[in-house]
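Spelled out from the first residue to the last, the chains are:
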Amino acid sequence: QQAAATALLTGPDWYRHAVFYEVNVRSFQDSDGDGFGDLNGLVSRLDYLKDLGIDALWLMPIMRSPFADSGYDVTDYRAIDPVYGTMADFERLLAETKARGMRVFMDLVLNHTSIQHPWFQESRKDRTNPKANWYVWSDSAGREAISCGTHGSIFGESPWTFEPARQQYYFHRFYPEQPDLNYREPAVAQEMLDTARFWLEKGVAGFRCDVAGLLFETATACSLAPETLDYLRSLRRV
(Lines give C-alpha, C1' and ligand atoms only; values in the text may rest on other atoms or scores of the structure.)
Protein backbone atom coordinates (compact mmCIF):
# COMPACT_ATOMS: atom_id res chain seq x y z
CA GLN A 1 0.00 0.00 0.00
CA GLN A 2 2.81 2.42 0.82
CA ALA A 3 4.47 1.75 -2.52
CA ALA A 4 1.21 2.43 -4.34
CA ALA A 5 0.70 5.67 -2.41
CA THR A 6 4.25 6.78 -3.16
CA ALA A 7 3.76 6.05 -6.85
CA LEU A 8 0.71 8.32 -6.93
CA LEU A 9 2.90 11.21 -5.74
CA THR A 10 5.38 10.91 -8.63
CA GLY A 11 5.10 12.19 -12.17
CA PRO A 12 3.30 15.27 -13.50
CA ASP A 13 -0.07 14.37 -11.94
CA TRP A 14 1.22 14.03 -8.38
CA TYR A 15 -0.79 17.05 -7.19
CA ARG A 16 -4.07 15.33 -8.09
CA HIS A 17 -3.44 12.80 -5.32
CA ALA A 18 -1.57 14.90 -2.75
CA VAL A 19 -2.88 16.14 0.59
CA PHE A 20 -2.34 19.92 0.71
CA TYR A 21 -2.22 22.00 3.87
CA GLU A 22 -2.90 25.72 3.50
CA VAL A 23 -0.65 27.78 5.77
CA ASN A 24 -1.17 31.37 6.80
CA VAL A 25 2.48 31.75 7.77
CA ARG A 26 1.76 34.99 9.62
CA SER A 27 -0.35 33.20 12.24
CA PHE A 28 1.12 29.68 12.20
CA GLN A 29 4.30 29.62 14.33
CA ASP A 30 6.42 32.48 15.66
CA SER A 31 10.10 31.61 16.03
CA ASP A 32 11.55 34.93 17.17
CA GLY A 33 9.00 36.31 19.63
CA ASP A 34 7.86 39.30 17.55
CA GLY A 35 4.24 38.16 17.57
CA PHE A 36 4.14 37.09 13.92
CA GLY A 37 4.50 33.64 12.45
CA ASP A 38 7.50 33.19 10.19
CA LEU A 39 9.26 30.74 7.89
CA ASN A 40 11.59 29.40 10.56
CA GLY A 41 8.58 28.74 12.75
CA LEU A 42 7.01 26.77 9.92
CA VAL A 43 10.21 24.75 9.49
CA SER A 44 10.09 23.86 13.18
CA ARG A 45 6.66 22.27 12.64
CA LEU A 46 7.39 20.25 9.49
CA ASP A 47 7.70 16.94 11.32
CA TYR A 48 4.28 17.56 12.89
CA LEU A 49 2.79 18.29 9.47
CA LYS A 50 4.48 15.24 7.96
CA ASP A 51 3.01 13.08 10.75
CA LEU A 52 -0.45 14.41 9.83
CA GLY A 53 0.05 12.98 6.33
CA ILE A 54 0.65 16.27 4.55
CA ASP A 55 2.28 15.97 1.12
CA ALA A 56 2.41 19.64 0.12
CA LEU A 57 2.14 23.08 1.70
CA TRP A 58 0.23 25.95 0.11
CA LEU A 59 1.62 29.18 1.55
CA MET A 60 -0.61 32.22 1.62
CA PRO A 61 1.23 35.32 0.31
CA ILE A 62 4.72 35.78 1.74
CA MET A 63 6.07 38.27 -0.83
CA ARG A 64 6.85 41.82 0.24
CA SER A 65 3.61 43.70 0.94
CA PRO A 66 2.18 46.60 3.01
CA PHE A 67 -0.60 44.14 3.97
CA ALA A 68 -3.62 46.17 2.91
CA ASP A 69 -5.24 42.87 1.93
CA SER A 70 -3.54 40.05 3.84
CA GLY A 71 -0.50 40.17 1.56
CA TYR A 72 -2.50 39.97 -1.67
CA ASP A 73 -1.15 43.45 -2.44
CA VAL A 74 2.45 42.84 -3.53
CA THR A 75 5.23 45.43 -3.73
CA ASP A 76 8.02 43.06 -4.80
CA TYR A 77 7.29 39.73 -6.50
CA ARG A 78 10.81 38.43 -5.98
CA ALA A 79 11.35 39.17 -2.30
CA ILE A 80 10.20 37.65 0.97
CA ASP A 81 8.49 40.08 3.31
CA PRO A 82 10.82 40.68 6.29
CA VAL A 83 8.06 39.79 8.76
CA TYR A 84 8.42 36.19 7.53
CA GLY A 85 12.21 36.11 7.35
CA THR A 86 14.74 36.15 4.54
CA MET A 87 15.20 34.46 1.19
CA ALA A 88 17.72 32.19 2.90
CA ASP A 89 14.98 31.17 5.36
CA PHE A 90 12.69 30.37 2.44
CA GLU A 91 15.38 28.32 0.73
CA ARG A 92 15.85 26.42 4.00
CA LEU A 93 12.11 25.69 4.06
CA LEU A 94 12.34 24.30 0.53
CA ALA A 95 15.30 22.11 1.46
CA GLU A 96 13.67 20.82 4.65
CA THR A 97 10.37 20.00 2.94
CA LYS A 98 12.20 18.21 0.13
CA ALA A 99 14.11 16.15 2.68
CA ARG A 100 10.77 14.97 4.06
CA GLY A 101 9.29 14.20 0.65
CA MET A 102 7.02 17.26 0.83
CA ARG A 103 6.48 20.07 -1.67
CA VAL A 104 5.71 23.80 -1.45
CA PHE A 105 3.17 25.81 -3.41
CA MET A 106 3.08 29.62 -3.22
CA ASP A 107 0.23 32.05 -3.67
CA LEU A 108 0.98 33.98 -6.87
CA VAL A 109 -1.05 37.19 -7.14
CA LEU A 110 -1.25 37.76 -10.88
CA ASN A 111 -4.16 40.15 -11.32
CA HIS A 112 -2.98 43.20 -9.40
CA THR A 113 -0.16 44.71 -7.38
CA SER A 114 -0.03 46.99 -4.39
CA ILE A 115 -0.56 50.69 -5.05
CA GLN A 116 2.88 51.03 -3.42
CA HIS A 117 4.58 48.80 -5.99
CA PRO A 118 7.33 50.75 -7.85
CA TRP A 119 5.64 49.86 -11.14
CA PHE A 120 2.47 51.68 -10.14
CA GLN A 121 4.33 54.56 -8.57
CA GLU A 122 5.94 55.14 -11.96
CA SER A 123 2.79 54.46 -13.98
CA ARG A 124 0.74 57.00 -12.03
CA LYS A 125 3.14 59.90 -12.68
CA ASP A 126 2.08 60.71 -16.25
CA ARG A 127 0.94 59.12 -19.52
CA THR A 128 4.36 58.83 -21.16
CA ASN A 129 6.61 57.08 -18.63
CA PRO A 130 8.01 53.57 -19.35
CA LYS A 131 5.36 51.93 -17.12
CA ALA A 132 2.49 54.13 -18.35
CA ASN A 133 0.68 51.18 -19.90
CA TRP A 134 1.37 48.61 -17.18
CA TYR A 135 -1.98 49.28 -15.51
CA VAL A 136 -5.53 49.86 -16.77
CA TRP A 137 -6.22 53.58 -17.19
CA SER A 138 -9.20 55.54 -18.48
CA ASP A 139 -10.16 59.16 -19.02
CA SER A 140 -13.48 58.43 -17.31
CA ALA A 141 -14.71 56.11 -14.57
CA GLY A 142 -15.49 53.34 -17.03
CA ARG A 143 -14.54 51.90 -20.39
CA GLU A 144 -16.70 50.18 -23.00
CA ALA A 145 -13.98 47.57 -23.49
CA ILE A 146 -14.34 46.49 -19.85
CA SER A 147 -17.86 45.23 -19.22
CA CYS A 148 -17.32 44.76 -15.49
CA GLY A 149 -15.91 48.28 -15.20
CA THR A 150 -19.40 49.72 -14.90
CA HIS A 151 -20.23 47.63 -11.81
CA GLY A 152 -18.96 47.91 -8.28
CA SER A 153 -15.59 46.50 -7.31
CA ILE A 154 -15.53 43.24 -5.39
CA PHE A 155 -14.42 44.95 -2.17
CA GLY A 156 -16.08 48.34 -2.50
CA GLU A 157 -18.09 50.71 -4.65
CA SER A 158 -16.54 51.99 -7.89
CA PRO A 159 -13.75 49.93 -9.48
CA TRP A 160 -12.24 53.18 -10.78
CA THR A 161 -10.15 55.62 -8.73
CA PHE A 162 -8.96 59.01 -9.94
CA GLU A 163 -5.22 59.73 -9.99
CA PRO A 164 -4.62 63.53 -9.92
CA ALA A 165 -1.03 63.41 -11.19
CA ARG A 166 -2.05 61.58 -14.34
CA GLN A 167 -5.54 63.06 -14.59
CA GLN A 168 -6.96 59.62 -15.29
CA TYR A 169 -8.76 56.81 -13.47
CA TYR A 170 -7.16 53.45 -12.76
CA PHE A 171 -9.08 50.18 -12.64
CA HIS A 172 -9.16 47.87 -9.61
CA ARG A 173 -11.37 44.83 -9.19
CA PHE A 174 -10.58 44.82 -5.47
CA TYR A 175 -9.45 47.57 -3.08
CA PRO A 176 -8.17 50.90 -4.48
CA GLU A 177 -4.84 49.83 -2.96
CA GLN A 178 -4.76 46.97 -5.52
CA PRO A 179 -4.59 48.38 -9.08
CA ASP A 180 -5.09 45.83 -11.86
CA LEU A 181 -2.17 45.01 -14.10
CA ASN A 182 -2.67 45.45 -17.85
CA TYR A 183 -1.97 42.09 -19.45
CA ARG A 184 -2.45 43.58 -22.91
CA GLU A 185 0.97 45.17 -22.36
CA PRO A 186 3.45 42.48 -23.52
CA ALA A 187 6.05 43.54 -20.95
CA VAL A 188 3.59 42.85 -18.12
CA ALA A 189 2.62 39.45 -19.47
CA GLN A 190 6.27 38.47 -19.82
CA GLU A 191 7.30 39.84 -16.43
CA MET A 192 4.75 37.71 -14.62
CA LEU A 193 5.84 34.57 -16.49
CA ASP A 194 9.42 35.40 -15.52
CA THR A 195 8.29 35.82 -11.91
CA ALA A 196 6.80 32.33 -11.92
CA ARG A 197 10.02 31.00 -13.45
CA PHE A 198 12.07 32.75 -10.72
CA TRP A 199 10.28 30.85 -7.94
CA LEU A 200 10.16 27.56 -9.82
CA GLU A 201 13.92 27.72 -10.22
CA LYS A 202 14.17 28.21 -6.45
CA GLY A 203 12.43 24.85 -6.06
CA VAL A 204 8.77 25.79 -5.62
CA ALA A 205 6.55 22.98 -6.94
CA GLY A 206 3.74 25.18 -8.22
CA PHE A 207 1.33 28.00 -7.52
CA ARG A 208 -2.13 28.76 -6.34
CA CYS A 209 -2.88 31.63 -8.75
CA ASP A 210 -5.06 34.20 -7.04
CA VAL A 211 -8.19 35.27 -9.04
CA ALA A 212 -6.48 33.98 -12.18
CA GLY A 213 -9.69 34.22 -14.19
CA LEU A 214 -9.67 38.03 -14.10
CA LEU A 215 -6.44 38.83 -15.93
CA PHE A 216 -8.04 40.15 -19.12
CA GLU A 217 -11.26 42.14 -19.33
CA THR A 218 -13.33 42.44 -22.50
CA ALA A 219 -16.55 44.11 -23.56
CA THR A 220 -18.40 40.85 -22.99
CA ALA A 221 -16.48 38.97 -20.28
CA CYS A 222 -15.18 39.83 -16.83
CA SER A 223 -13.82 36.40 -16.02
CA LEU A 224 -12.12 33.67 -18.05
CA ALA A 225 -12.04 35.68 -21.26
CA PRO A 226 -10.39 33.80 -24.15
CA GLU A 227 -7.26 35.93 -23.73
CA THR A 228 -7.07 34.90 -20.07
CA LEU A 229 -7.32 31.22 -20.94
CA ASP A 230 -4.53 31.62 -23.50
CA TYR A 231 -2.35 33.30 -20.92
CA LEU A 232 -2.98 30.58 -18.34
CA ARG A 233 -1.89 28.03 -20.93
CA SER A 234 1.35 29.96 -21.39
CA LEU A 235 1.85 29.97 -17.62
CA ARG A 236 1.21 26.22 -17.55
CA ARG A 237 3.89 25.74 -20.22
CA VAL A 238 6.38 27.58 -17.99
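The shown structure was predicted, so the numbers you read here are calculated from the model rather than taken from an experiment.

Notes on the pairing of strand E7 (residues 160–163)
Looking at chain direction, E7 and strand E8 (residues 168–171) are connected through 4 bridges and run antiparallel. Residue pairing in the sheet places Thr161 in a bridge with Tyr170 of E8.

Here's the deal with the side chain of Glu185
When you line up the elements, Glu185 lands in the loop between E8 and helix H7 (186–202). Of the buried charged residues, Glu185 lacks a salt bridge, with Lys131 as the closest side chain of opposite charge at 9.3 Å. Ignoring any residue separated from it by four or fewer positions in sequence, one finds Glu185 in contact with Asn133 and Trp134.

Focus: the side chain of Thr113
With respect to the helices, strands and loops of the structure, Thr113 is situated in the loop between strand E5 (103–109) and helix H6 (118–123). Given a relative accessible area of 0%, Thr113 falls into the buried group. Looking at Thr113, its side chain comes within polar contact range of the side chain of Tyr135, at 2.8 Å. Among residues more than four places away in sequence, those in contact with Thr113 are Asp73, Val74, Tyr77, Trp119, Tyr135, Glu177, Gln178, Pro179 and Leu181.

Regarding the sheet that holds strand E2 (residues 56–59)
The strand order E1-E2-E5-E9 describes an open sheet built from 4 strands, whose pairing is parallel. Across the chains shown, the open sheet's two edge strands, defined by having one partner strand only, are strand E1 (20–23) and strand E9 (206–210). The sheet shows a mean angle of 25° between the axes of neighbouring strands, taken without regard to direction. Summarising the sheet, E5 and E9 pair through 5 bridges and their orientation is parallel.

A few points about unusual backbone geometry
Despite not being glycine, Phe67 has its phi angle at roughly 70°, a positive value. With a relative accessible area of 31%, Phe67 lands in the partly exposed category.

With respect to the packing of aromatic side chains
Going through the model one piece at a time under the given rule, you end up with 17 aromatic pairs. Note on Trp14 and Phe105: the rings are 5.9 Å apart at their centroids and 80° apart in plane angle, and the pair reads as edge-to-face. Taken together, the residues span a long stretch of sequence, with Trp14 in the loop between helix H1 (2–8) and E1 and Phe105 in strand E5 at a distance of 91 residues. Under the relative-accessibility criterion, Phe105 is labelled buried at 13%. Ring centres of Tyr183 and Tyr231 lie 5.0 Å apart, and the angle between their planes is 70°; on these two criteria the pair is classed as edge-to-face. Of this pair, Tyr183 sits in the loop between E8 and H7 while Tyr231 sits in helix H8 (residues 226–237), and the two are 48 residues apart along the sequence.

Cut-offs and rules
Residues numbered from 1 in each chain as written. Predicted model: local features only at pLDDT ≥ 70, side-chain atom pairs only at ≥ 80, totals over all residues. Heavy atoms only, no water. Pairing = 2+ DSSP bridges. Helix = DSSP H or I, 4+ residues; strand = E, 2+ residues; numbered from the N terminus. Buried < 20%, exposed > 50% of the residue type's maximum accessible area, 1.4 Å probe, protein only. Lys, Arg positive; Asp, Glu negative; His and termini not counted. Salt bridge = Lys/Arg side-chain N within 4 Å of Asp/Glu carboxyl O. Contact = heavy atoms within 4.5 Å. Polar contact = N/O pair within 3.5 Å; in protein donor to acceptor, adjacent residues only side chain to side chain. Axes fitted to C-alpha atoms, helices over the stretch in contact; angles between N-to-C directions. Phe/Tyr/Trp six-rings, centres within 6.5 Å; stacked < 30°, edge-to-face > 60°.

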